[in-house]
Amino acid sequence: HLTEYIDMLLIMTVSPGFAGQKIFAGAKEKVAKTRAFLDSLGRPDIPIEVDGNISPANGAMLSKVGAEIFVLGTSSLFIKDKDMKESAESFRAIL
């Protein structure tokens, strides 16, 4: 009954607080189950956002199971010796 109040749903894929963590082992399953649940409620319009170790590889994996919005940080956007624009374009190309 609360889905009418949801604009998007954020799934944390690490414990919030600091950069450099590994993605949770169950992150892929959590996103897939959440997408299936929202779809079963007739709410395929609610996008899933993911935050935490969203590397290009993890982003591609999570995109395939239903994530649509990605919070980028040290794993994909703020890469040493790489321009942010170039990093963002590389991430988009992988998706």
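Residues numbered from 1 in each chain as written. Predicted model: local features only at pLDDT ≥ 70, side-chain atom pairs only at ≥ 80, totals over all residues. Heavy atoms only, no water.

All right, on to the pattern of salt bridges then. Applying the stated criterion to the full structure yields four salt bridges. Among the ionic pairs, lysine 33 bridges to glutamate 29, the shortest N-O distance being 3.5 Å. Taken together, the residues lysine 33 and glutamate 29, both in helix 1 (residues 27–40) and four residues apart, mark about one turn of the helix. Salt-bridge contacts for arginine 43 lead to aspartate 45; the nearest nitrogen and oxygen are separated by 2.7 Å. On the accessibility criterion, arginine 43 (18% relative accessible area) is buried. (Salt bridge = Lys/Arg side-chain N within 4 Å of Asp/Glu carboxyl O. Helix = DSSP H or I, 4+ residues; strand = E, 2+ residues; numbered from the N terminus. Buried < 20%, exposed > 50% of the residue type's maximum accessible area, 1.4 Å probe, protein only.)

We now examine the pairing of strand 2 (residues 48–51). Here strand 1 (residues 9–12) pairs with strand 2 via four bridges, running parallel. When the sheet's bridge partners are listed, leucine 9 is paired in strand 2 with isoleucine 48. Where strand 2 and strand 3 (residues 67–71) come together, four bridges link them in parallel fashion. By the bridge assignment for strand 3, glutamate 49 is matched with isoleucine 69. Crossover handedness for the path strand 2 to helix 2 (residues 56–64) to strand 3: right-handed. (Pairing = 2+ DSSP bridges. Right-handed = clockwise from strand over helix to strand, strands pointing away.)

We now examine unusual backbone geometry. Residues other than glycine seldom take positive phi values, yet asparagine 53 does so here, at roughly 50 degrees. Note on placement: asparagine 53 falls in the loop between strand 2 and helix 2. At aspartate 81, a residue that is not glycine, the phi angle is positive and equals roughly 65 degrees. By the secondary structure assignment, aspartate 81 is in the loop between strand 3 and helix 3 (84–94).

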